[in-house]
Structures are given as structure tokens and as C-alpha cells.
Amino acid sequence: MKIDVVTIFPEYLAPLQLSLLGKAQDQGILDINVHDLRSKAIDNHHAVDDTPYGGGAGMVMLPEIWGQALDPLMNQDSDLIILTPAGKRFDQSMAAKFSQVSHLVFACGRYEGIDDRVRMHYEENNYRVHEVSIGDYVLGGGEVAALVMIEAITRLIPGVLGNPQSLEQESHNDEGYLEYPNFTKPAQWRDLQVPEVLLSGNHKEIEKWRAEQAAERAKKNR
């Protein structure tokens, strides 16, 4: 999969080179590139925003600069993801769908967001455009959301995880399902004991216990 991220803070995306994502790029499974939006600015101050038409607080990101940044990246295989609090809420189902595409382009908005004509232009030219939010709250910009989405999406691509079995029983794989609690050594820590059933070696009882615990966790937390 090829991923392009456009942002005014390229250094914010440094974690994309770490851990599993870094290894997947070294192995050629992922091709991730970060692009500096300010490099497309045309004035001496490298401005990327201006005051909103109609008045109001804040600044809006300029459409011409976004067009200059996105045009070289977009093709008919591209899915453009515009990160905005007003977008559709990201979830595991959306992550799975995006993991099946060949090219994702993330547009990291800031301030009061990106001039909506950017979305309109690419939709009208038959590109696949998605407005996405990672939750019902407001962040300083789309960079954090891009990191969240890229990690959730790419870990579903074969070869990214070291052990693909890790995907088989995870929270959110099924609607309403949350993963059971996990334990490791030592068997006792600060007067807390690992549940006896997990030490029993009885796999049938272990699976039953895990299913019960997953249901209880879902009831408690969701």
C-alpha cells in the first residue's frame, strides 16, 4: 500500500518510521511519504490560511495551496481522506475497508479546516473523497488522527503484524465485541493472582472463561 500524508507539520508524523510501520516499509509492504504543505505556499510568509468569508473566528486553509499539494499525488487509484471533526466517525469496519485499497492520501487540516472547495473539486472530478473524524471531539489538527488511522488500517495488511493470529480475536472485530483481559508472568503480582482457569491447561474451560469475560467487559464499558 502507498500512503501520502500532507501536513504543515511533517515532523509530527515521525512515528510512522517506528516499530511495525517502520519494519513494514523496510520490507516493501508499505510506502509512506509525508509532504510539507508550506512548500506550496506562494508568498514570502509561507501563509497557508486566510480569514473566512462571511466572518467568524479562526482561519481557513487556502484551496489553491491544497490543490498544488494534492494534484501530483492523486490518481484514479487514490482515496483522499480529509480529516475533520465534521467527518464520518472512524471505526474498525472503516479501517478494514481502507486496508483493501492501494493508495491513501491524508489531508491534515488545521485551524478552522480546509476550504470546502477542495473536497468539492476532487469529488466533482470523480475521485473517492472521504471526510473522516476519529471521534466526537476537536483536536489541534489532523496529524494525530492520521497517525491513529494509519496504524489501525495498516496493521490489517498481511505481513505488517509479526504474528497474524493477533488479529483473530481482537476488540471491535465483531460489532459489540471487546477482547477478554490478558495476563502474563508472574502468576502472582502484588497479592493479585492470575485466574486459576488460565493456569489449568484446560483449553475448553479457558475459551469459555474468555468468552464470558469478553461479554462482561462489553457490558461494563459499552
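Predicted model, so just to flag it, every value in this text is computed and none were measured.

Interaxial distance between helix α2 (residues 63-70) and helix α4 (residues 117-124) falls to 9 Å at its minimum, and their mutual angle equals 40°. Between α2 and α4, the angle falls in the class oblique. Touching P63, W66, G67 and L70 of α2 are R117, V118 and Y122, all from α4. Across the contact of α2 with α4, the residue classes break down as 5 nonpolar, 1 polar and 1 charged.

The strand order across the open sheet formed by 5 strands is β2-β1-β6-β5-β7, and the pairing between neighbours is parallel. Strands with a single pairing partner mark the edges of an open sheet, and in this sheet they are β2 (31-36) and β7 (128-133). Each adjacent strand pair in this sheet contributes to an overall mean axis angle of 25°, direction not counted. Both strand β5 (residues 78-89) and β7 contribute to a ladder of 7 bridges, which runs parallel. Across the sheet, residue L80 finds its bridge partner in β7, namely V129. Lying on the sheet, helix α5 (residues 143-154) is in contact with β1 (2-7), β2, β5, β6 (103-108) and β7; it crosses β6 at an angle near 160°.

Criteria and thresholds
- Residues numbered from 1 in each chain as written.
- Predicted model: local features only at pLDDT ≥ 70, side-chain atom pairs only at ≥ 80, totals over all residues.
- Heavy atoms only, no water.
- Axes fitted to C-alpha atoms, helices over the stretch in contact; angles between N-to-C directions.
- Helix = DSSP H or I, 4+ residues; strand = E, 2+ residues; numbered from the N terminus.
- Parallel < 35°, antiparallel > 145°, perpendicular 65-115°, else oblique.
- Contact = heavy atoms within 4.5 Å.
- Nonpolar A, V, L, I, M, F, W, Y, C, P; charged D, E, K, R; others polar.
- Pairing = 2+ DSSP bridges.

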